[in-house]
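Structural characterization, general
Here is how the chains run, residue by residue.
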4 protein chains.
Amino acid sequence: MMGNTIGVLFRVTTWGESHGKAVGCVVDGCPAGLELSEEDIQKEVDRRKPKSSISTSRRERDEVIILSGVFEGKTLGTPISMLVYNKDVNSKPYEEIRHLFRPGHADYTYQVKFGFRDWRGGGRASGRETVARVMAGAIAKKILERFDVKIVGFTREIAGISCDFKAEDYDIKEIYELAESNPVRCPDEDVARRMEDAILKAKSEGDSVGGVAEIVARGVPPGLGEPVFLKLDAYLAFALMSVPAVKGVEIGAGFKVAKMRGSECNDPIVLRDGKVRFATNNAGGILGGISNGEDIVIRVAIKPTPSISKPQRTVNWVEMVEDEIVVKGRHDPCIVPRAIPVLEAMVAIVLVDCMMMQGMIPRFLG
Amino acid sequence: MMGNTIGVLFRVTTWGESHGKAVGCVVDGCPAGLELSEEDIQKEVDRRKPKSSISTSRRERDEVIILSGVFEGKTLGTPISMLVYNKDVNSKPYEEIRHLFRPGHADYTYQVKFGFRDWRGGGRASGRETVARVMAGAIAKKILERFDVKIVGFTREIAGISCDFKAEDYDIKEIYELAESNPVRCPDEDVARRMEDAILKAKSEGDSVGGVAEIVARGVPPGLGEPVFLKLDAYLAFALMSVPAVKGVEIGAGFKVAKMRGSECNDPIVLRDGKVRFATNNAGGILGGISNGEDIVIRVAIKPTPSISKPQRTVNWVEMVEDEIVVKGRHDPCIVPRAIPVLEAMVAIVLVDCMMMQGMIPRFLG
Amino acid sequence: MMGNTIGVLFRVTTWGESHGKAVGCVVDGCPAGLELSEEDIQKEVDRRKPKSSISTSRRERDEVIILSGVFEGKTLGTPISMLVYNKDVNSKPYEEIRHLFRPGHADYTYQVKFGFRDWRGGGRASGRETVARVMAGAIAKKILERFDVKIVGFTREIAGISCDFKAEDYDIKEIYELAESNPVRCPDEDVARRMEDAILKAKSEGDSVGGVAEIVARGVPPGLGEPVFLKLDAYLAFALMSVPAVKGVEIGAGFKVAKMRGSECNDPIVLRDGKVRFATNNAGGILGGISNGEDIVIRVAIKPTPSISKPQRTVNWVEMVEDEIVVKGRHDPCIVPRAIPVLEAMVAIVLVDCMMMQGMIPRFLG
Amino acid sequence: MMGNTIGVLFRVTTWGESHGKAVGCVVDGCPAGLELSEEDIQKEVDRRKPKSSISTSRRERDEVIILSGVFEGKTLGTPISMLVYNKDVNSKPYEEIRHLFRPGHADYTYQVKFGFRDWRGGGRASGRETVARVMAGAIAKKILERFDVKIVGFTREIAGISCDFKAEDYDIKEIYELAESNPVRCPDEDVARRMEDAILKAKSEGDSVGGVAEIVARGVPPGLGEPVFLKLDAYLAFALMSVPAVKGVEIGAGFKVAKMRGSECNDPIVLRDGKVRFATNNAGGILGGISNGEDIVIRVAIKPTPSISKPQRTVNWVEMVEDEIVVKGRHDPCIVPRAIPVLEAMVAIVLVDCMMMQGMIPRFLG
C-alpha cells in the first residue's frame, strides 16, 4: 500500500511511462499451481484496447509477455513479471506543449512533486499505466474463478444519460454479454446508443464527457475485510479512487443513504436456503467493513477526459506567464467504457488479497 | 495500512471495544519536539462527545490519558500511547438481543469473520472506536498547525435537507465557528434548525436519518500523494470510507463530474501572486493523485444510524430462525454531527503522513 | 516492519519509556477464539523479572493488564492492548548524568536522531521496553502450543565460559527445566555455577560481562518463510537483532560454515518415518529461507551491559567538552539470562506470523 | 518488507528464475533528478560476473536494460524497471536430477512451501536472483555518492584462511582497489593467493568452501535507523541474511562481545574536530539501533556452495526412496567473492531507505 504497490498478501507493483519503452507489473504472492498463460492475460488486456470511433486512434498491439513466475503453464508462487511494449508512440504533439500545464492533467502536480517529469503523453500519470493493472487483475480474476467469485462492470451513466439496469436480476455472464455488446459498455442497448451519440457530439465539438461506472462482484464469501482500517469498503474505495479520472466512489445505496431513514436503509436479515441473507442490499454487500455474502455493488464517478481540443487557459511554467492551450494528441472523448476492465481489475485484486488475508486461498492451487 | 493500523510514516493503531475496559491508540512516527499535552487531545475528544437532545444519552467523561511518548511537555519521537476508559457502560440491553443480528450492524459479519464476537454495544465495530481516531487526529492537527494547514468539517446535508454554504468564501476559522455554533454542525443557521427538527422527528418515530458531511483542508502544500496507488485522493477515500457508517466518498465536483463536459470540469490554470493556481476547483485540490495547492474538498455519505427502536426483521443465529428485533440501547438518531471531528481526524492523519512522505516535516519540530 | 511495529499478519506494536507511566503493546491480527488470561501473559513476564544477586535491584511488580481484545476469556480477533505500569522508578541517578552520554548506550544516537530525549533510565532505548515484547510473545507462544511448536532458550556462553549442551538430545521441556533451574539459565549446572561466579566477579569490580544465548524451536512445520526478502532466517535475524544489546545472529552452524566444506556442511537428506528429514542440522532448520522441519537453531551474541560503575571517558553534550562518567542506577551485570525470555518471544512472534502467512493458522481457533 | 519486496520508502521488488526468460527488479521511491544510465547499473552487474577459474563456467552477458523511470538521462521519481535476459542456460543437467532434492539447496523447502517448483538451476532460489539486487543496489550507491556515503566489501576469510586487514586504516577507495585486484576479493595479496589455492583444491576434489565477507560503510550520517524494530542493525541483518548462503551476521565486535567486559566493549566517547565521536568501534557504528557516525562494520558467514560433485545422500521425492546424488551443472566452488557486490548492494539499499526515513534525501536530487 505504498507508491506503486498495492496489496498485503497479493501484491501488485506497476511501472512504466506512456511513451517509455514499456508498461508492466510484478505480481507477488500469487498462489502456486494456477494455470496461467499469456493468453489469459491478453484476453483482459484486449478488452481495454480502444475499439471504435469513440476511442483514441493510438493503436497499441499490447502483446503481453510473461517474464517470470510461470513454469510449465502454471504459476510458481514466485513473482510474475509481465509487460507490454509501447510501440505506437508519437511524442510530437506533446513536445510543442511541454511548457504548458494541461488543465485537468497531472502536469503541474508531477512537476511540483518530483521537480522533473516525462511530458510525453502524460508520462506515468497517463491512463496507459492502467494496462498493468488489467494484467494483474487478469491473474486475480483467474484465482477468483476457482472460488466462483465473479466480477462484472458496466456503464451506468454517461453525459447525464443514465440507465436503470437492475444488475441483481441478471447473471454475471448475462450482464457481461450485454455490456460487451456495445462500445460504451452499457447493458441497456437503447441507452447505449444515446450515450454513444452524446460522446460523438462532444468529440465533434472538441470536448469530452464524464460518467458513472458500476462494478458488481457476486459470490463473494462473507467475512472479507480487515477492520478497522483495512475494511473491505475502505480498501475498495482506495483501489478504485487510485484509477485515473475517478472522483467519487460509493458502495450500495451510496450517497442515497443521505436521504434515507434507518428503517429504510437497514437491510432486513432473513434465512434463505438455510443461510443468513439480506432481503435488500443497500449495504452493497458490506457491513462493518466486512463482506456479508450479498453482491458487492460499487459505483465510481469518472470525470470527462481532460484532453480536449477546445482552447483552455493555462500557464507556461518555463516563462511563468499565462497562456492558452489546445491539446492535440490522441484521446478518448469519454473514459468510462475503457475504464471498466481497469475497475474490474482493481476489485479483483482487492478481493483476492482479502480472501488470502482471511485464509481462504491456499498457497498451492494445484 | 493493515487491520487496525493506518499510515506509512505517521502510523496510528487503534484498539478497544465499546463495553471493554478502555479505548485507545498508539501513534508511532510522530516527530519529536512537538508540544503536546492531554488538554490538546481532550479538546478534540470533547468535540466528539454527545451534547444535546439529538445525541445518545450515554455520557462518557472520556478523560484522555497519555501513557508514553511525551516528556517534559514535548513529544519524544517515540510511540505515543493514549486511552480513555469506558465508564458509563450498560450492557443489559445488548444481553437480551445477543442472539439476534441487528440489521445495518456488523453483528453478522463479525460473527462470520471471527467466529466469536463481543455483543456488548457493538464491540469493536461500535462508533466508540472512533474516539481513538480523534485522539490520534488531534496530534496530526497540532503538527499541521505548524505548517498552516487547517482542516474543518461541517454538515452539508441531513435527512434530505441540504445547505448551499460556499466554504471557499470563508476563512477556516469562520467555518469552524459557524458549524460549531449549533448541534448539527451546519454552518447555515436556518438550515441547521430544520435539520435538527428532522432528526428529532425521526427520533420520535423510533427511526434515524442519514446525511452528508463535507471536509475542507486549506493551506495544503502542492506535491502530496504517492501515485499510482497511494494517491492523495485514494488515501483519503481509504481513510474516510473506514469510518463507520460512511457509504460514499467524493472529491471536488465528485459525482457531478458524470454530467460535466471536459471544458467545464477542467480547472483553468492561472497565475496568482506569482504562483500557479486554479481558477475553479472541480478537482477538489487533487490532480493525478497529488495535491495542487487548492482547497482539498471531500464529501462523505453517512447512513442513518442502524440502531432504531422500530421493529425489524432479523435472524436468531443460535436457533437459526427468523425473528423480529427492537434495538434499545442508547443511540444518536443521526451520526453526521458527531462524525465530523472523526472525519477531520482522518484527513489530518492522511495529510501528515503524506507531508512526511514528501519530506516536508522534519523529525525534530523543536 | 516499521518503527515500533513488527509483523505482517500478526503485528506487534510496543510503546513506553523506562521511567514513563507504563510500558505496553498492542497485538493486532491474533486469531479469535484463543483462550487468554492475564495470567498467561504474567507467567512469561515473570520469567523476565530480575531474580537474584546477579540482577538489578529495581523491583517492578509488572502486573499485566489486558485492556481490549479479550472477551469471556477468549480473544476476539481484535487488537489486544496490554500494559504494565512503571512503579519502582528512581530517576535521581540519571538526573546527575543527563548531560553526559553514557558509553555503550543510545544516549548520543537518540539525541542526534530525535533532537530531544528522555534521559531517565534510558527512556525508550531501555531494556525495559522488552517487557512489551515478552507480553506479545506470550500470546504467540499460546498460539504455537496449539500447533505443537515449542520454543526454548538457554545460555550458551557467558564471560568466555561456554557449555557443550546438545539441545537435540533433549526434550524442549527438559531443556526448559534445566535452564530455569539456575539464575544464569544455563542447562549445564556446573557451567552455570562458573558463569554465575564470573558475573559476580565482574560486578564486584564495577564491570559487566557478555555472552551467547541459544534459542531452539522444535516442531516447526516445513514451508515457513517468504523468499526472497522475508525469508525465515532473515526475519528471525531482524527480530533478534532488534533486541537491545544483540550484536550478532547466526543460524545452525552459523559462523562455523566459514571453515566447512560443502560435503561437510550440506545436511544429507533421508527418509525417517516416511518423511523427508535431514541427517544433520547445519542448516539450523532453514534452507533457502524456508523452514525444513528440523529444529530451528539460532544463537545471538549479547554484549556486556553498558552500564558499569567504572569511570569511562565521555562527552558532556551541553557544554561540548570531554568528561568522565560513572554510571550508577540499578543494572544487571550480565544481560544474557534475562534476555532469554525476550529472545524466545521474538522467535515466537516471527513463527506465528510466518505460519499465518503460510495459511496454517485459521482466523478462529475455537 | 514482504515476499519479494524490501524497503519502506526506497522499495526494491525482484523477480525471475535462474533458467526463466529474464531476471529483474522494480525500484520504487527513487528520488527524481538523479542522473542514471544503463552503464551505471552495468558497472556493478559486471562486478558480480564470474571471472576466473574459481567461478562457474556459465557465462551470461547480463546486459542491463532499463524499461522505465528514467527520462533524458535522469530518474523521474517513478518506478525504475530493469532486467537482464537469461541467455547461457543449460537445463539438461537439472533434468536428470529433478526428482532428487539437492542437499544444501532449497529444492525440498520450495517443493513443500509452494507444492510446485522450477527445478531448472535452482529456479527462484538460485544465486542468479541476486543480479537484480545488484541492479537495485547500483542505484542506491549512486544516491549515496551524492551524500559522500561509501560502501566497500571484501573477503575476510575463506576455507579457514583469514586475513588481518584493518579496514579502518584505509580509504574506502584503497580497500576497493586492493580487494578488486584479485579474484577472491581479499585485500591482503598473500592471503588472497592462499585462499585461491584452497578454493581450487576443494574444486579439484569435487567439493566447495565457505568463508566470511566484511562490509564497511563510511560517511554514514548519525541518526539512521527506526527503533525499536526497524533498527539499523536489525534492518541490515534482515537484508544480509536474505542473501542466499548467508548463515550469520554480526555488527562491530559481533560474537567477540561474548568474551568482553563492559569496560572493554563500550566505545569511549570523545570530541574530534568538534564533533562527538568514538575512540574505538566495537559498536560497528550502531548504538541503540541508530547509526553513530562511525564506520558501519558488518561481517557475514557464507556457507560453502551446496552444489558439489561428490556423491551425497538424498531422497527421490517422486518415488519416495533414499538415493544418491551427484550435482553437475556449473557452479562456483566458493560463493564469497561473487557475494560481495550483492552484500554491498543490500547495505546500500538499507542505508538509502534509512536516510529517506530520516528525511535526509530530498524527493528531487537535481
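Further up the page is the structure itself.
Description of the structure in this document.

Each value, and the rule that gives it
Residues numbered from 1 in each chain as written. Chains lettered and ligands numbered in written order. Predicted model: local features only at pLDDT ≥ 70, side-chain atom pairs only at ≥ 80, totals over all residues. Least-squares fit on C-alpha atoms with pLDDT ≥ 70 in both. Contact = placed C-beta atoms within 7 Å. Helix = DSSP H or I, 4+ residues; strand = E, 2+ residues; numbered from the N terminus. Nonpolar A, V, L, I, M, F, W, Y, C, P; charged D, E, K, R; others polar. Pairing = 2+ DSSP bridges. Axes fitted to C-alpha atoms, helices over the stretch in contact; angles between N-to-C directions. Parallel < 35°, antiparallel > 145°, perpendicular 65-115°, else oblique. Left-handed = near helix turned anticlockwise from the far one by under 90°.

Overview of the relation of the copies chain D and chain A
After a rotation of 180° and a shift along the axis of 0.0 Å, chain D superposes on chain A with an RMSD of 0.0 Å. What we have between these two chains is a two-fold relation. Taken as a fraction of all interface residues of chain D, those also at the interface in chain A reach 100%, which identifies the copy contact as same-surface.

Structural notes on the interface of chain D and chain A
Each partner contributes residues to the interface: chain D has 39 residues there, and chain A has 39 residues. Secondary structure elements with two or more residues in the side of chain D that touches chain A: β2 (11-16), β3 (22-28) and α3 (107-114) of chain D. Partitioning the side of chain D that touches chain A into residue classes produces 12 nonpolar, 17 polar and 10 charged.

Comments concerning the interface of chain D and chain C
Residue-level contacts link 88 residues of chain D with 88 residues of chain C. At the level of elements, β1 (5-6), α3, β10 (211-218), α7 (232-241), β11 (246-251), α8 (262-265), β12 (269-272) and β17 (312-316) of chain D are the ones that each hand at least two residues to the side of chain D that touches chain C. For strand β11 (residues 246-251) of chain C and β11 of chain D, the ladder comprises 3 bridges, and the chain directions are antiparallel. Looking across to β11 of chain D, one finds that V249 of chain C is bridged to V249 of chain D.

Observations concerning the pairing of β17 of chain D
Along a regular strand, successive side chains alternate from one face of the sheet to the other. Residue and element names in this part refer to chain D. Pairing of β17 with strand β18 (residues 321-325) involves 5 bridges; the strand directions are antiparallel. Looking across to β18, one finds that N316 is bridged to V321. From the end of β17 to the start of β18, which pair antiparallel, there are 4 residues, and M320 there has a positive phi angle of about 50°.

Quick look at the packing of helix α4 (residues 130-145) of chain C against helix α9 (residues 336-357) of chain C
All names here are of chain C. One way to put it is that α4 packs onto α9 with a least axis distance of 7 Å and a crossing angle of 50°. In terms of their interaxial angle, α4 and α9 are classed as oblique. Of the two elements, α4 crosses α9, and the hand of that crossing is left-handed. Seen from α4, the contacting residues are T130, R133, V134, A136, G137, A140, K141, I143 and L144; seen from α9, they are P341, V342, E344, A345, M346, A348, I349, L351 and V352. Of the residues contributing to the contact of α4 with α9, the split by class is 13 nonpolar, 2 polar and 3 charged.

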